[in-house]
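# Remarks on the overall topology
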Amino acid sequence: MRNPFFYLVSGSAAKSLTRLILTAFIFVCLTAFGSAQTVSTVHLSVASVVGGTSVTGTVTISKKAGATGTVVLLSSSSVAATVGSSVTVASGATSASFTVGTTPVASNATAAIKAKLGLSLASATLAVKAPTLSSLVISPTSVTGGANFVGTVKISSVAPTAGITVKLLSNQTAATVPATVKVASGSTSATFSVKTTS
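Residues numbered from 1 in each chain as written. Predicted model: local features only at pLDDT ≥ 70, side-chain atom pairs only at ≥ 80, totals over all residues. Heavy atoms only, no water.

## Some details on the nonpolar core
Counting 27 residues, the largest nonpolar core has Val59, Phe98, Val100 and Leu126 as the members making the most contacts within it. Where this core is concerned, the elements lending two or more residues are strand 1 (39–44), strand 3 (55–61), strand 4 (70–76), strand 6 (86–89), strand 7 (95–102), strand 8 (109–117) and strand 9 (120–129). The residues contacting Phe98, other than those within four sequence positions of it, are Val42, Val55, Thr56, Gly57, Thr58, Val59, Leu74, Val83, Val87 and Ile113. Judged by nonpolar contacts, the second largest core, of 13 residues, contains Phe149, Val181, Val183 and Phe192. (Core = buried A, V, L, I, M, F, W, Y, C linked by side-chain atoms within 4.5 Å. Buried < 20%, exposed > 50% of the residue type's maximum accessible area, 1.4 Å probe, protein only. Helix = DSSP H or I, 4+ residues; strand = E, 2+ residues; numbered from the N terminus. Contact = heavy atoms within 4.5 Å.)

Structure follows, in structure tokens:
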């Protein structure tokens, strides 16, 4: 006896059944992925900063976080800027803040601060700037020829781990300076000797 619940579907009925199955599959996929949370934006409090300064970042997701919150993964494309491995958007919220730390750099650098949630990804660009020369002071301002005096260079922020080299030049043959002076790591100034001829 043939099983009344089993029969062969063919012809137009098979085509209709195939369309029905595909439609159901597409609906399920759209429902599943359409309802998933995604990361919408990453915003930084400033677009550029001198190395050694912290920046506040904010990540926004597409819908309110559930009862246990939503964990968003974080990363940076450059060692000049560092972030935690993740930030949690609290229950009922759509955004969370995090800190971007930067390190002193000898030359300007760019970092992409990235946030990932599931398959979604958003990023923001942070420019990390090197220190600039802020002042040059000579003391005393006048001397008798043959005497030496001291110069001091100051930079806008602390020097990086390897220090930073400042080039020196005198426009008078009666006063000579070294070709460079190095600002040590973590410092903002350095002194050098100016020699004069009688």
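## A look at the sheet that holds strand 9
Pairing in this open sheet of five strands is mixed, and the strands run 2-9-8-4-6 from one edge to the other. Each having just a single partner strand, strand 2 (48–50) and strand 6 make up the two edges of the open sheet. Pairs of neighbouring strands in the sheet enclose a mean axial angle of 30°, with direction left out of account. Both strand 8 and strand 9 contribute to a ladder of nine bridges, which runs antiparallel. In the sheet register, Ala109 faces strand 9, and the bridge partner there is Val128. (Pairing = 2+ DSSP bridges. Axes fitted to C-alpha atoms, helices over the stretch in contact; angles between N-to-C directions.)

## Concerning the side chain of Thr102
If you trace the backbone, Thr102 turns up in strand 7. Look at Thr102 and you get buried, because its relative accessible area is 10%. In this structure the side chain of Thr102 is engaged in a polar contact, spanning 2.9 Å, whose partner is the backbone nitrogen of Gly52. At 2.5 Å, the side chain of Thr102 and the backbone oxygen of Thr53 are in polar contact. If sequence neighbours within four positions are ignored, Thr102 has contacts with Val49, Val50, Gly51, Gly52, Thr53, Ala80, Ala81, Leu126 and Val128. (Polar contact = N/O pair within 3.5 Å; in protein donor to acceptor, adjacent residues only side chain to side chain.)

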